[in-house]
Amino acid sequence: MTALTAFQARTRIRPTTGWIVPLLLVAICVFLVVGSVQSSLFAQQTVSGLANGGIYASLAVALVLIYRATEVINFAQGALATFATYIAWQLLSWGFSYWEAFFATLAIAFAGGFVIELVAIRPVERRGNQLTVVIAAVGLLILVEGAIGWIWGNQVKFMPSAFAPHIYRVGGVAFSRQDLSTIAISIASVGLLWLFFRFTKVGLAMRAAAVRPAAARLVGVRVSWMLSLGWGLAAVLGAVSGMMAAASPSVLLQPSMMDGILIYAFAAAVVGGLESAAGAVIGALLIGVGLNLVSAYISWVTPQLLLPAAFVVMLAVLLVKPSGLFGRTRVRKV
Amino acid sequence: MRLRAPTVAGIAATVVVAAIIALLPFGLSDYHRSTGATVAVFFIAILALNIVTGYTGQISIGHGAFMAVGAYSTAILTHNHGWNDLATLPVSALIGFVAGVIVGLPALRLHGVYLALTTFAVALAVPQIVSNYPNFTGGVVGLSLPSHTGMWLYEVSWAVAGIMFVVAWLLLRGRTGRAFRAVRDSEVAAASSGVSLAVYKTVAFGISAAMAALAGSLYVLVNNYASPTIFGLTLSLYILIGAVVGGLGSLWGVLVGAAFVELLPLGLTSAGLGSSQSVPVIFGAVVIGVMALLPLGAATLLRAALHFGSQIGQHSDQPLGTEGR
Amino acid sequence: MGVLLALSDVDARYGQVQALRGITLAVDEGEIVAILGANGAGKTTTLRAISGTVRRTGKIELAGRSLARTGPEVAARRGVAHVPEGRGTFSELTVWENLRLGAHVRRGSLKDDFARVSAYFPWLEERRTQQAGTLSGGEQQMLALARAVMQRPRLLLLDEPSLGLAPLVVAEIFRIVRELNEREGAAVLLVEQNARTSLAIAARAYVLEVGQVAFSGPSDELAAHDNIRRSYLGY
């Protein structure tokens, strides 16, 4: 093995296009920095784009988590996130402090995700195939959104933020505290999850169960529990995403709150290569910033065209590189 | 649909069902007749989805978008240009076919879950695009269409449905059908045996989209109204659910699926088992339950019940994603 | 030394095909036993039946406790380490992570275990962070063995450890297996097509034919018996 391939063997992320992709990312970063220095509007849009990206990233990683373990796209992930956000809202309206509600919601989301996998998904997985599980997820989506409307009604609700609105000024550019904290919280949640997977025994077991379930069983890993755990963690990430979304000024708390965000999260996951969480995060940030800049600088792109725009991006990436920027190129078995 | 020579039982059952469908509206109120017309609409849409997903294995969760294409063709022609609504149907099918081919071409490069996600995004994107150009499409406010009696709607919709049924049946019997199934079962094998993959997959998409477009045209006629919201994600999801719950690759399943998707929610409300708030919850739960108990859809029950006799061939019934983990 | 593993009248099928018919065999504590036979005779399936990776009926007892209704996770917890065909290495994970997973069922500190493993496989230490899939075939086999060692099993099930490996590597692996057996006291049930090498380290052997036990006995007897050697063992 040459030194290069040995190095690549030792590191885990192996860009399948060699160095083109990292180079591209560096170029983008340079572009963003230069633009921000030049124009305060640019800087503001970039930062709030990063905040949006953070929201998409949490949800995207949740999707990747479940996809890696089961090769199923959980179409209900957004609805579950919305449900969790409603729970947070409810706790707040009962008088809990923001952070109490926040962490309680995370705990409830975890339990909920765990139980849902156990009760609704496992029976389907047992006898069905991928498509069957996807349909069950779609059924879950309808169920959960319906449940939200049933329990809380369809009117828009107001979700307070943890942080009193505050503007930071740096060199004549205004950044909102909400945006900055969204970025921080998103990084923190994804980062904590990464630490969990990298350094704990259970995290390792979950990874093993996701890549090679049969081999994992042989070493004593209870693969089905790992699956439930995965759904629980995904629900937690979704809850974070939902709560950040609801706190952001442009998103309203209503049953369909996460529908559009789910698409952006899908696009991010796909761009990053469905099996790479890191890729999904990068994809999410790119989409967040990209869409913001596009809507700020290209006048004929109205808010309604943003969703189709994200779709075009997703399609473009898939056509050029079907397995995403960081995905493993799958060899199709004959 | 299983493609052996039609059995006596099969033909008899078809005739019976056709007779029931033909005679039913005479016993129904006008409102229920238009509900029946909606079932026909879903029948056509699910049939369309079956051609793409059930028979060629390409997944599309975006057929609502094709319905929108057809719907708006009809709506714009009748509303803005005064066409007779029935006359717009062939045009709608044609435009749908073109749209399907346009989508089918990039779809050639996408597989499995990526195709599903892309079509899902299309389903969400189309209503947005529609509402973005109000001068052309009437935007969010929508376009109104001439209204008709429930009976007219019922008869027209089921007539079209019947025609589509025959078209599908003929298509799937012959060489095209065999080619479709070959593509679904193994793309690589199909390609190496000379089936031109690109052509068949694109044609499948085109035909499927044309059918869906017709369904869309009928849909807005039934509602006498076209607006982007009715072609949202929910519609595509319901078509997909109907297809899978009925059983992919099964013609009877299409009928069951259409009835399930349209009638179950209504049935629950009228039976007093649910308010408009709780119906989605029950519906979603039922879908999950059906997937747990009948993973291959209701068609499995139907086959057993109608004694179609052959074993549920693993290969020709399981549509996709059946490679185990 | 008592009986560790007892199989009695075990059947197994893959769909319509019956792979095992009435398999009866036993392994004592600390013994090395070989299962030999041609391709398709049911050797791998026997190991799968023990660990619970395949659906089976019949009596399967490990130290008196039944394994008949349990899956591989439970077998692992009870002290069975199954190194399957294809080694069951997690190619996407690092060497170190593979070893760590080997000890999944263990509680307590693993420091001593890493030391033990390094003693058998000194080269593992410097390759800790290497992705397991990039190791050579022989190295992966040794990693699989090392993983089993981490588990501190009572019974080691080895499925064709020599498959696809050069003779020198095979010799090394068998030497380590014997050392493991002597030092750790683990019983070994070894499935092999390479009859010669297996009979060299195994005390007893069973010869399978179409899912049934055709012959069994001490290794030297089997090796000496001309007919058996020629028909079943291929030499």
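In case you missed it, the structure is sitting above this.
Everything in this summary refers to the structure shown in the same document. Note that this is a predicted model, so its numbers are computed, not measured.

1. A word on unusual backbone geometry
Then comes step 1: Even without being glycine, C:A63 reaches a positive phi, approximately 50°.
Then comes step 2: As for its position among the elements, C:A63 is in the loop between β4 (56-62) and β5 (65-66).

2. Focus on the interface of chain C and chain A
Often, the extent of an interface is quoted as the loss of accessible area upon association of its parts.
Then comes step 1: Each partner contributes residues to the interface: chain C has 28 residues there, and chain A has 22 residues.
Then comes step 2: Carbon and sulfur atoms supply 59% of the area buried between chain C and chain A, which totals about 2,400 Å² over both sides.
Then comes step 3: The interface formed by chain C and chain A includes 3 salt bridges.
Then comes step 4: Of all the secondary structure elements, the ones that give two or more residues to the side of chain C that touches chain A are α2 (72-78) and α3 (95-102) of chain C.
Then comes step 5: Broken down by class, the residue content of the side of chain C that touches chain A amounts to 8 nonpolar, 13 polar and 7 charged.

3. Observations regarding the interface of chain A and chain B
Then comes step 1: Between chain A and chain B, the residue contacts involve 50 residues of the former and 46 residues of the latter.
Then comes step 2: Area buried by chain A at its contact with chain B is led by A:L131, A:I135 and A:I142, which between them contribute 14% of it.
Then comes step 3: Here chain A is connected to chain B by 0 salt bridges.
Then comes step 4: Where chain A meets chain B, there are 2 residue pairs in polar contact (both at pLDDT 80 or more).
Then comes step 5: Within the residue set of the side of chain A that touches chain B, elements represented by two or more residues are α3 (40-70), α5 (98-127), α6 (130-152), α11 (259-271) and α13 (303-320) of chain A.
Then comes step 6: If you tally residues by element for the side of chain A that touches chain B, the top one is α6(A), at 15 residues.

4. Describing the sheet that holds strand β8 (residues 187-191) of chain C
All names here are of chain C.
Then comes step 1: One open sheet holds the 6 strands; their spatial order is β6-β7-β8-β3-β9-β10, and the pairing between them is mixed. Edge strands, defined here as strands with exactly one partner in the open sheet, are β6 (80-83) and β10 (212-218). The mean angle between the axes of side-by-side strands here comes to 15°, regardless of whether they run parallel or antiparallel.
Then comes step 2: Here strand β3 (residues 32-37) runs beside β8; their pairing, made up of 4 bridges, is parallel. Across the sheet, the residue bridging to I35 is V191, located in β8.
Then comes step 3: Against the sheet, helix α1 (residues 43-51) engages β3, β6, β7 (155-159), β8 and β9 (204-209), with an angle of about 145° to β7.
Then comes step 4: Strands β3, β7 and β8 of the sheet are contacted by helix α6 (residues 167-184), whose axis makes an angle of about 155° with β8.

5. Observations concerning the pattern of salt bridges
Pairing between side chains of opposite charge can happen when the charged atoms of each approach one another.
Residues and elements named next belong to chain C.
Then comes step 1: All chains considered together, the criterion is met by 15 salt bridges over all chains.
Then comes step 2: Among the salt bridges present, the one from D113 reaches R152, with a minimum N-O distance of 3.7 Å. Taken together, the residues D113 in helix α4 (residues 111-120) and R152 in the loop between α5 (137-150) and β7 connect sequence positions 39 residues apart.
Then comes step 3: The class for D113 is buried, based on a relative accessible area of 1%.
Then comes step 4: Between R183 and E179 there is a salt bridge, and its shortest N-O distance comes to 2.7 Å. Remark: E179 and R183 occur in helix α6; sequence separation between them is 4 residues, near one turn of the helix.
Then comes step 5: Using a relative accessible area of 57% as the deciding quantity, one classes R183 as exposed.

6. A short note on a nonpolar patch on the surface
Then comes step 1: Where nonpolar side chains cluster on the molecular surface, the patch consists of A:L41, A:Y297, A:I298 and A:W300 and spans about 430 Å² of accessible area.
Then comes step 2: By secondary structure assignment, the location of A:Y297 is in helix α12 (residues 277-297).

7. Thoughts on the sheet that holds strand β1 (residues 3-14) of chain C
Residues and elements named next belong to chain C.
Then comes step 1: One open sheet accounts for 4 strands, arranged β2-β1-β4-β5; its pairing is antiparallel. Each edge of the sheet is formed by a strand with only one pairing partner; in this case those strands are β2 (17-28) and β5.
Then comes step 2: By the bridge criterion, 6 bridges tie β1 to β4 in an arrangement that is antiparallel. Among the inter-strand pairings, A12 is bridged to a residue of β4, identified as R56.
Then comes step 3: Along the sheet, α1 makes contact with β1, β2 and β4, crossing β1 at roughly 110°.

8. Some words on the environment of C:T45
Then comes step 1: Relative to the helices and strands, C:T45 resides in helix α1.
Then comes step 2: Aside from chain neighbours lying at most four places away, what touches C:T45 is C:A12, C:Y14, C:A19, C:L20 and C:V54.

9. Observations regarding the packing of aromatic side chains
Then comes step 1: Under the criterion given, the structure shown has 27 aromatic pairs over all chains.
Then comes step 2: Summarising the aromatic geometry, the rings of A:W194 and A:F199 are spaced 6.3 Å apart at their centres and angled 85° between planes, so their arrangement reads as edge-to-face. The burial state of A:W194 is the same as that of A:F199; both residues are exposed.
Then comes step 3: Their ring planes at 50° and their centres at 6.3 Å tell us that C:Y120 and C:F121 sit as a pair that is tilted. Each member of the pair, C:Y120 as well as C:F121, carries the same accessibility label: buried.
Then comes step 4: Each member of the aromatic cluster is reached from another via a ring pair, and the members are A:Y98, A:W99, A:F102 and A:F103.
Then comes step 5: The aromatic ring of A:W225 is capped on one face by A:R122, whose charged end is 5.0 Å from the ring centroid.

10. Some words on the side chain of B:S217
Residues and elements named next belong to chain B.
Then comes step 1: Inspection of the secondary structure puts S217 in helix α10 (residues 197-223).
Then comes step 2: Classification of S217 as buried rests on a relative accessible area of 0%.
Then comes step 3: Engagement of the side chain of S217 in a polar contact is seen with the side chain of S92, the distance being 2.8 Å.

11. Remarks on the nonpolar core
Then comes step 1: B:M67 and B:I241 are the most contacted members of the largest nonpolar core, which has 200 residues in total.
Then comes step 2: Of all the elements, helix α10 (residues 223-247) of chain A adds the most residues to this core, at 15 residues.
Then comes step 3: Beyond its immediate sequence surroundings of up to four residues, B:M67 is in contact with B:V41, B:A45, B:A212, B:A213, B:A215, B:G216, B:Y219, B:F231, B:L235 and B:I239.
Then comes step 4: Core analysis: the second largest hydrophobic core is formed by 43 residues, C:I176, C:V177, C:L199 and C:V207 among them.

Calculation notes
- In every chain, residue numbers begin from 1 and rise along the written sequence.
- Chains carry letters from A onward and ligands carry numbers from 1 onward, assigned in written order.
- Thresholds applied to this predicted model are a pLDDT of at least 70 for local features of residues and 80 or more for the giving and counting of side-chain atom pairs; totals over whole chains, interfaces and linings are not thresholded and use all residues.
- Hydrogens are left out, water is left out, and the side-chain values use all remaining heavy atoms of the structure.
- A helix here means a DSSP run of H or I that spans at least four residues, while a strand means a run of E at least two residues long, and both kinds are numbered starting from the N terminus.
- Here a residue-residue contact requires only that any non-hydrogen atoms of the pair lie within 4.5 Å.
- We define buried area as the total accessible area lost by two parts upon association, computed with a 1.4 Å probe and summed across both.
- Whenever a carboxyl oxygen of Asp or Glu lies within 4 Å of a side-chain nitrogen of Lys or Arg, that contact is scored as a salt bridge.
- Residues are grouped as follows: Ala, Val, Leu, Ile, Met, Phe, Trp, Tyr, Cys and Pro are nonpolar; Asp, Glu, Lys and Arg are charged; every other residue, Gly included, is polar.
- N or O atoms within 3.5 Å of each other form a polar contact, as long as, within protein, one can give a hydrogen and the other can take it, and as long as residues adjacent in sequence are counted only when both atoms are side-chain atoms.
- Note on pairing: two strands pair once DSSP finds at least 2 bridges between them.
- Throughout, an axis means a line fitted to C-alpha atoms (over the contacting stretch in the case of helices), and angles, computed between N-to-C directions, take values from 0 to 180 degrees.
- Burial classes follow relative accessibility: with a 1.4 Å probe on protein chains only, a residue under 20% of its type's maximum area counts as buried, one over 50% as exposed, and anything between as partly exposed.
- Here a patch means residues that are over 30% exposed by relative accessible area and free of salt bridges, tied together within 9 Å if like-charged and within 5 Å if nonpolar (Val, Leu, Ile, Met, Phe, Trp, Tyr).
- Accessible surface is estimated by sampling points in the Shrake-Rupley manner with a 1.4 Å probe; for residues, cover comes only from the protein chains shown.
- Working definition: a ring pair exists when centres of Phe, Tyr or Trp rings (six-membered ring for Trp) sit within 6.5 Å. Plane angles under 30 degrees give stacked, over 60 give edge-to-face, the rest tilted.
- Two thresholds decide whether a charge sits over a ring: the Lys NZ or Arg CZ must be within 6 Å of the ring centre and within 35 degrees of the ring normal.
- Side-chain atoms within 4.5 Å link the members of a nonpolar core, which is a set of buried Ala, Val, Leu, Ile, Met, Phe, Trp, Tyr and Cys residues.

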